[in-house]
Amino acid sequence: MQAETALTFDIKPNQTPLAEADRLKAFESLGFGTLFSDHMAVIRWSSDKGWHSPEVTARAPFPIDPASSVLHYAQEIFEGMKAYRSADGRVVLFRPEENARRFNESARRMAMPELPEAAFLDAVEKLVRIDAKWIPEGEGSLYLRPFMFASETFLGVRPSKEYIFCVIASPVGPYFKGGAKPVKIWVSEHYTRAARGGTGAAKCGGNYAASLIAQAEAAENGCDQVVFLDAAEQRWVEELGGMNVFFVMEDGSIVTPPLGGTILPGITRKSLISLARDEGITVHEKPYSFEEWQADVASGKLREAFACGTAAVVAAIGTVKFSGGEFQIGGGETGPVTTRLRQALVSIQRGQSNDKHGWIRAISGI
Ligand SMILES: *Cc1c(COP(=O)(O)O)cnc(C)c1O
């Protein structure tokens, strides 16, 4: 039986942190995922010891054996979340327990060990605490990337007997360059992202590896993002490469594709469904086909469409392009429902409005 004792992190501060002046200089031109904080949190797992050696230490490369199983069979999962500095100076996380829970759902699907939720949350919190000065003010936030990979030196095909869990942090500005202007998306007709029984609902690196060629095709066609249709019929709208999708109808109702194993259960998606219902909006989680989408745009029944996820929060979809042509939604402008829902979510995430669902977790003493 594995010991139930709580993990106690060994804290080893970075002896050569980035100089304050250099950090502030880097903050002036924040992109996404290019700049990293001084530390990382690490916990190791082996089949004989279970979770062990938790530490917060200087961010540094891992020595990886060329036969490390992740390099061959891609046993890897991750999460994405953000720490914000609220207007009143608190440091807050948004629904971090949802990330901890989803991380373990991904772990189960990928035959990886589950990490006690308390350890996941502790690792995130310890990293945010030690690197709190890396949280940008204003529009920015500290993007947190918990992940786990198979680290056993072994080429046989079976689940690894060793894993490394790690959290790194990256100060970020807005996800889409050029601010909140609507994005142009490409409908992938050749490639699919996830099939029934596959890993579509797990946040694993492999899903992204499979989506990159479609994303490249989108870019070649002058689009920002790709939207995938279902693998079985190539008909039903599923989601973007890393964001869920919503449609706002003429009657004020909202449609979003249902979770069913092929779509990533986004925390932003789930939160927006709650916020929309709070406003009295009817939300249908139901299949929506690309044909209906085109017909509804043509008839004026579809008023707005948007994509959502932690990194980009809410991004209006302005143009949809596919092999047979392209069409615009809402005259290429961000619509009122999209704007309102984004504002409602962002103001909770930034601690600016009444958090009636209790989604915000303040990290005390920073
Ligand atoms: C992470 C992710 C999302 C968005 O999830 P959030 O919890 O809202 O950040 C959507 N789709 C895919 C494929 C993802 O990996």
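Everything quoted here is computed from the prediction, not taken from an experiment.

**Q** Break down the domain arrangement of the protein chain for me, with residues and values.
**A** Looking at the assigned domains, one finds that the protein chain contains domain 1 (10-172) and domain 2 (183-349). Each of domain 1 and domain 2 was reduced to a C-alpha centroid, and the two centroids are 27 Å apart. Each side of the interface is counted separately: domain 1 has 20 residues, and domain 2 has 20 residues. Counting the surface lost from both domain 1 and domain 2, the interface buries some 1700 Å², and carbon and sulfur atoms represent 60% of this. Together, F78, F94 and R102 form the three largest contributors to the area buried by domain 1 at its contact with domain 2, with a combined 36%. At the boundary of domain 1 and domain 2, one finds one salt bridge. Ionic pairing is found between K270 and E98, a salt bridge with its closest N-O pair at 2.9 Å. At the boundary of domain 1 with domain 2, the tally comes to 11 residue pairs in polar contact (both at pLDDT 80 or more). Listing elements by their share of the side of domain 1 that touches domain 2, those giving two or more residues are β4 (76-78), β5 (81-85), β6 (91-94) and α3 (96-109). Broken down by element, the side of domain 1 that touches domain 2 gets its largest block of residues, six residues, from α3. Partitioned by chemical class, the residues of the side of domain 1 that touches domain 2 number nine nonpolar, three polar and eight charged.

**Q** If you had to explain a nonpolar patch on the surface to someone new, which residues and values would you point to?
**A** Taken together, Y73, L155 and V157 make up a surface patch of nonpolar side chains, about 320 Å² in accessible area. Relative to the helices and strands, V157 is located in the loop between β7 (141-150) and β8 (162-172). Judged by its relative accessible area of 71%, V157 is exposed.

**Q** Mind laying out the nonpolar core, listing which residues take part and the relevant values?
**A** Residues V128, L144, M148 and F165 are the most contacted members of the largest nonpolar core, which totals 48 residues. With near-sequence residues (within four places) excluded, V128 lies in contact with A83, V91, L93, I135, L144, I363 and I366. If you look at the next biggest cluster of nonpolar residues, it comprises 26 residues, including V183, V187, V255 and A307.

**Q** Can you lay out the site of the ligand for me, pointing to particular residues and giving the numbers?
**A** Taken together, 15 residues surround the ligand, and among them K203, Y208, E239, T268 and T310 come closest. With respect to the ligand, the side chain of K203 contributes an N or O atom lying 2.7 Å from an oxygen atom. Here E239 contributes a side-chain N or O atom positioned 2.5 Å from a nitrogen atom of the ligand. Contact with the protein chains removes 97% of the 380 Å² of surface that the ligand exposes when unbound.

**Q** Which residues make up the pattern of salt bridges, and what values do they have?
**A** In the structure shown here, the tally under the stated rule is 22 salt bridges. R129 is the salt-bridge partner of E125, the closest N and O atoms lying 3.1 Å from each other. Taken together, the positions of E125 and R129, both in helix α4 (residues 117-130) and four residues apart, correspond to about one turn of that helix. Look at the salt bridges and you will find they share partners, linking R95, E98, R101, E105 and K270 into a network.

**Q** So what about the packing of aromatic side chains? Which residues, and what values?
**A** Within this structure, the stated rule accounts for 18 aromatic pairs. Ring centres of F78 and Y208 lie 5.4 Å apart, and the angle between their planes is 65 degrees; this geometry places the pair in the edge-to-face category. Here F78 is found in strand β4, whereas its partner Y208 is found in helix α5 (residues 205-220), with 130 residues between them in sequence. Accessibility expressed as a relative area gives 8% for F78, which makes it buried. Between F103 and F120 the ring centres are 5.3 Å apart and the planes differ by 50 degrees, which places this aromatic pair in the tilted class. Taken together, the residues F103 in helix α3 and F120 in helix α4 connect sequence positions 17 residues apart. For the residue pair F103 and F120, the accessibility class agrees, reading buried in each case. Aromatic ring contacts, followed pair by pair, group F247, Y288, F290, W293, F322 and F327 into a single cluster. When the ring centre of W134 is taken as origin, the NZ or CZ atom of R23, which lies over that ring, is 5.8 Å away.

Definitions and cut-offs
- Residues numbered from 1 in each chain as written.
- Predicted model: local features only at pLDDT ≥ 70, side-chain atom pairs only at ≥ 80, totals over all residues.
- Heavy atoms only, no water.
- Domains from an automatic or database assignment.
- Contact = heavy atoms within 4.5 Å.
- Buried area = accessible area lost by both parts, 1.4 Å probe.
- Salt bridge = Lys/Arg side-chain N within 4 Å of Asp/Glu carboxyl O.
- Polar contact = N/O pair within 3.5 Å; in protein donor to acceptor, adjacent residues only side chain to side chain.
- Helix = DSSP H or I, 4+ residues; strand = E, 2+ residues; numbered from the N terminus.
- Nonpolar A, V, L, I, M, F, W, Y, C, P; charged D, E, K, R; others polar.
- Patch = residues over 30% accessible without salt bridge, like charges linked within 9 Å, V, L, I, M, F, W, Y side chains within 5 Å.
- Areas by Shrake-Rupley, 256 points an atom, 1.4 Å probe, with all protein chains shown as cover.
- Buried < 20%, exposed > 50% of the residue type's maximum accessible area, 1.4 Å probe, protein only.
- Core = buried A, V, L, I, M, F, W, Y, C linked by side-chain atoms within 4.5 Å.
- Near = heavy atom within 4 Å.
- Phe/Tyr/Trp six-rings, centres within 6.5 Å; stacked < 30°, edge-to-face > 60°.
- Lys NZ or Arg CZ within 6 Å of the ring centre and 35° of its normal.

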